[in-house]
Amino acid sequence: MGAYFNEIFRGLQSLCIGLGITFKEFFQPVVTVPYPYKTIKMSERYRGHTELVEDESGNPKCVACGMCQRACPSQSISLASKSVEYEVEVKGEMKTKKKKVLTKYELNFTTCSLCGQCVESCNFGAVTFSKDYNLASFRKEDFHFDLLNRLKERNS
Amino acid sequence: MSLTVLNAIIAVVIAIGFAALNAAYLVWAERRGAGRIQRRPGPNVNGPLGLLQPPADGIKLMTKQLVIPGGADKALFMVAPVLAMAPAIMSFVTIPFSDMIVAHSMNIGVLMIFAFASLGGMAILLAGWGSRNKYGVMASVRAVSQNISYEVPMLITVITIVMMTGSLDLKDIATSQAGGIWNWNIVPSLSAPLMPVAFLIFFTCSLAETNRAPFDLGEAESELVAGFHTEYGSMGFGLFFMGEYANIVIGASLITILFLGGWGCPLGLFPGVWWFLLKIYVLIFSFIWIRWTFPRTTIYGLLNLSWKILIPISLFNLLLTAGLLKVF
Amino acid sequence: MSAPIQIQPGETFTLNVGPQHPATHGVLRVKMEMDGEYIVKAETVLGYIHRMHELMGENRTYPQVLPNLSRLDYLGAMGYTHGHVLAVERAAGIEVPERAEYVRAIMVELNRIASHLFWFGAFVMDLGGFTPLMYAIEDREYILDMLEAVTGSRLTYCYFRFGGLYNDIDDDFVNAARAFIPRMRKSLKKYAALVTGNIIFEKRLKDIGPISAEMCRKYGASGPVARGSGIDFDVRKNEPYSVYPEFDFDIPVYHECDSLARYMVRMDEMEQSLRIVEQGLDKLPDGPIMPKKKPKLIKPAAGDYYQAVETARGSFGIRIVSDGTKNAYRFKLRSPTYSNMHMFDEACRGMMIMDALAMMGSLDLVIPEIDR
């Protein structure tokens, strides 16, 4: 009999403690952010999709070596390049040299897992993370990012 | 004759309007309240403070297609939501909001409300059975056993009150408590020392009768998906929802009339409908507050609570009060 | 307590729980043979989120597999990556600087707390209480914010590298972690009062879903599930790895074998993880986070390598069979919840569905990790 009433009282007490906690929380300020109206600044190191880095003259730093392409676990990166000849002054003499120029850098964001292997593998610091996260579309073609184009758009 | 008919129609329209408005805005209140308890704002986009959310929800529900599952019993499936909503509205007719405001005063008001309340269980049974869904059937069986076992302690408690007042009329019960908080039924008196306990029992039973958390076994979403209304969409679901909230208002009104002095002021000043509304909304807030604090009970835990704790105690209270009423 | 019942043949019906069901937290499907509300038999059906991580591990070079390990268990991703890097480091003989080891331990423990917090919330939601989930998520956000500031990502961190770390922690992180510890201790008290002490909660878990130590051994269960059945086994203590021997912490063990015991183990584990984080921050040495010399291309010598780590869900093992090339010959993952889940059928027989689903919640299943 004692145990019976004891349990009822203990139960009632525990319920009142719970009610007390939620009542206190009722008057606490709201902690959420009303998302589309207000956004939080992404942290410094946030890993979004990749972007090309430009040099001083506004051209991509990329030398089209293809390291990122090989490092990518999901084969999301495809790039193309062409050789151009250019003249450079070596020891007072003009010489013709060849170098590779990036013509296409496509990131297939649908398969990208945002691991950052491409950024790490790049020896020239030519690829970096963007801070974009509001990415939504009904068409998957919208996520085949042409990074070279994006770079040009950024500059213009 | 025609005046009586007109009166009745006006009363029913007002009752429906009150029930519908309450149901719509209690959903809003519930979501806002739950939001605040959980440290988030709740619906706040449609209109100021999200006040246009209920009309928006209503339009959405009404414009959606009414889907009847292929294997369902069509008639039962269609009738169940109406049966959930109708008794709730009917019960409003006999509830006195103050000594003047009552749609139809009856000398057996208490009996009528309980008769209609037991129809609610029927609606849930039909909904679960008619939709031919295994989750629905399991939920409706649960809900019915729950409703039956909680009507017993509830009625025993009501009998105690009726014995003290000597009337089955809700208006008489409320007027007998007029004058101040010391006259209310919840306050223990010489002839009825266990009334606070009776209040707790009745409060628990109204939670269980309205299928509110922590007793919402009929729609236990984590095990039975959505329980008896798994297959319902559009306004069928909307009617269940409105019925649930109308039942909550009736539960709160009954508690107010039976225990908290109806429209009387705690100090005996300015009795009126405002006190009644204040009391029922405080009670409804506590319903919401409880829902968002506790986990759900089990079905056997729920039945154990009813048969092993609530019924013995309420019976003891009944006998004690009967004896003491004879003595004093 | 549900009593065992006699069932006549042909009186049962089949209830298909999942793959889309609120209680299975993912795409697990359970085919339940039911007698009214009682479960006669429960068959778990897998394969709805199978992504062939093991095969990918064999087709990709070692660094390329790194992001995959975070996708196994998205709630406690650090622990799984930790197992992978430790296994490959053991295979390729890479030395890890001390600072990196400490940072790894801190990260794994913070992630363990985040994982347990989310489990706590989801578990109480399984029982019908929605509010504790929101409080748990609020605390978890602090951890995720801290981890994001360091790793750049909130769930699938991919932070550990062979030989060290992706990038170093800064003072901001150390301060935030130090501020988090007292905050979390306060929250744990709140949870104890709001949930653990609650009579409804206690009634729903006490003596429900018994799993004996013998059954745990039979199915190979590990982690909090085994520790709730009185088996004192934790890889961090029994087969110490990384810098765990340096820390002073306890392994909570409960002998009740019921759902409440499993719950209590996890709640106590959060406190122990806080202790490890605290000690790790105190002892954190200065120094590099990557070894000075590290092979350019990781090609472990031919051989068979195994590494077990204690993740939030139990003992996670990774076996790498190398044939000396840059790809693994065999890449086998032993995920803890796979074993834990298979006890469900035997344990839930004769239980009511709501108790069975409460027990399933106490097993802490993360389906992508079972299915891999």
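Attention here is on the structure that accompanies the text. (Residues numbered from 1 in each chain as written. Chains lettered and ligands numbered in written order. Predicted model: local features only at pLDDT ≥ 70, side-chain atom pairs only at ≥ 80, totals over all residues.)

A look at the pairing of strand E2 (residues 77–90) of chain A
Residues and elements named next belong to chain A. Among the 14 residues that make up E2, 1 are buried, leaving the element largely open to the surroundings. Bridge count for E2 against strand E3 (residues 93–108) is 14 bridges, and the pairing is antiparallel. Looking at the pairing, Val88 lines up with Lys95 of E3. Connecting E2 to the next strand, E3, in antiparallel fashion are 2 residues, including Lys91 with a positive phi near 50°. (Buried ≥ 20, exposed ≤ 12 C-beta atoms within 10 Å, placed from the backbone. Helix = DSSP H or I, 4+ residues; strand = E, 2+ residues; numbered from the N terminus. Pairing = 2+ DSSP bridges.)

Describing the nonpolar core
Counting 212 residues, the largest nonpolar core has Ala246 and Leu258 of chain B together with Leu110 and Ala356 of chain C as its most contacted members. Top element by residues in this core is helix H4 (residues 98–126) of chain C. It accounts for 17 residues. Counting residues in hydrophobic clusters, the runner-up holds 16 residues, among them Ile77, Cys118, Cys122 and Ala126 of chain A. (Core = buried A, V, L, I, M, F, W, Y, C linked by C-beta atoms within 7 Å.)

Structural notes on the sheet that holds E2 of chain A
Residues and elements named next belong to chain A. The sheet built from 3 strands is open, its strands ordered E2-E3-E5 with antiparallel pairing. This sheet does not close on itself; its edge strands, each paired only once, are E2 and strand E5 (144–146). Each strand of the sheet is rotated relative to its neighbour by a mean of 20°, with strand direction disregarded. Relative to E5, helix H4 (residues 147–155) is tilted by about 50°, and along the sheet it contacts E3 and E5. (Axes fitted to C-alpha atoms, helices over the stretch in contact; angles between N-to-C directions. Contact = placed C-beta atoms within 7 Å.)

Let's talk about the interface of chain A and chain C
In this complex, chain A contributes 19 residues to the contact, which on the side of chain C involves 20 residues. Counting residues per element, the side of chain A that touches chain C draws most heavily on helix H1 (residues 2–26) of chain A, at 8 residues.

A short note on the environment of Gly66 of chain A
Tracing the backbone through its elements, the reader meets Gly66 of chain A in the loop between strand E1 (50–52) and helix H2 (67–71). Taking C-alpha positions, Gly66 of chain A is 9.8 Å from Ser81 of chain A, a pair spaced 15 residues apart along the chain.

Brief notes about the sheet that holds strand E8 (residues 328–334) of chain C
Sheet strands pair via backbone hydrogen bonds, and the direction of the pair is either parallel or antiparallel. Residues and elements named next belong to chain C. The strand order across the open sheet built from 3 strands is E6-E7-E8, with neighbouring strands paired in antiparallel fashion. Every interior strand has two partners, whereas the edge strands, strand E6 (303–311) and E8, have only one. In this sheet, neighbouring strand axes are inclined to one another by 15° on average, regardless of whether the strands run parallel or antiparallel. In the sheet, E6 pairs with strand E7 (residues 314–322) via 9 bridges, with the strands oriented antiparallel. Directly across from Glu310, in E7, lies its bridge partner Ser315. Strands E6 and E7 of the sheet are contacted by helix H3 (residues 77–92), whose axis makes an angle of about 150° with E6.

Observations concerning the interface of chain C and chain B
With 25 residues of chain C in contact, the opposing surface of chain B contributes 22 residues. Counting residues per element, the ones that place at least two in the side of chain C that touches chain B are strand E1 (13–17), H4, helix H5 (131–151), helix H7 (199–205) and helix H13 (353–362) of chain C. Of the residues belonging to the side of chain C that touches chain B, the class tally is 14 nonpolar, 5 polar and 6 charged. (Nonpolar A, V, L, I, M, F, W, Y, C, P; charged D, E, K, R; others polar.)

Remarks on H5 of chain C
Residues and elements named next belong to chain C. An ideal rise of 1.5 Å per residue puts 30 Å on 21 residues; H5 measures up with 30 Å between its terminal C-alpha atoms. Of all 21 residues in H5, 15 are buried, a share of seventy percent or more. Trailing H5 by a residue or two, Gly152 shows a phi angle of about 90°, which is positive. (Expected span 1.5 Å × (residues − 1).)

Quick notes on the pairing of E7 of chain C
All names here are of chain C. Following E6, the chain reverses through 2 residues before pairing antiparallel with E7. Direction of pairing for E7 relative to E8: antiparallel, over a ladder of 6 bridges. If you follow Gly317 over to E8, its bridge partner there is Arg334. Counted along the chain from E7 to the antiparallel partner E8, the turn is 5 residues long, and its residue Gly324 has a positive phi close to 90°.

Remarks on the packing of helix H7 (residues 195–209) of chain B against helix H11 (residues 299–327) of chain B
Residues and elements named next belong to chain B. Where H7 contacts H11, the axes come no closer than 10 Å and their chain directions differ by 140°. With respect to their mutual orientation, H7 and H11 come out oblique. H7 and H11 meet at a crossing whose hand is left-handed. When H7 is examined against H11, the residues Val197, Ala198, Ile201, Thr204 and Cys205 are found in contact with a partner set consisting of Leu310, Ile313, Ser314 and Asn317. In the contact of H7 with H11, the residues fall into 6 nonpolar, 3 polar and no charged. (Parallel < 35°, antiparallel > 145°, perpendicular 65-115°, else oblique. Left-handed = near helix turned anticlockwise from the far one by under 90°.)

As for the environment of Ala23 of chain C
With respect to the helices and strands, the residue Ala23 of chain C is situated in the loop between E1 and strand E2 (29–35). Assessed through the 24 C-beta atoms surrounding it within 10 Å, Ala23 of chain C is described here as buried. Measuring from C-alpha to C-alpha, the distance between Ala23 of chain C and Phe123 of chain C comes to 9.1 Å, with 100 residues separating the pair along the chain. Excluding anything up to four places from it in sequence, Ala23 of chain C contacts Ser222 and Glu223 of chain B together with Val17, Asp126, Leu357 and Met360 of chain C.

Some points on the packing of H7 of chain B against helix H9 (residues 234–259) of chain B
Residues and elements named next belong to chain B. Close contact between H7 and H9 brings their axes to 10 Å; oriented N to C, the two are set at 165°. The angle between the axes of H7 and H9 places the two elements in the roughly antiparallel class. In this structure, the crossing between H7 and H9 has a hand that is right-handed. Packed against H7, whose contacting residues are Phe199, Phe202, Phe203, Ser206 and Glu209, the element H9 presents Gly251, Leu254, Ile255, Leu258 and Phe259 at the interface. Its residues placed into classes, the contact of H7 with H9 shows 7 nonpolar, 2 polar and 1 charged.

Nothing here speaks to function; it is all geometry.
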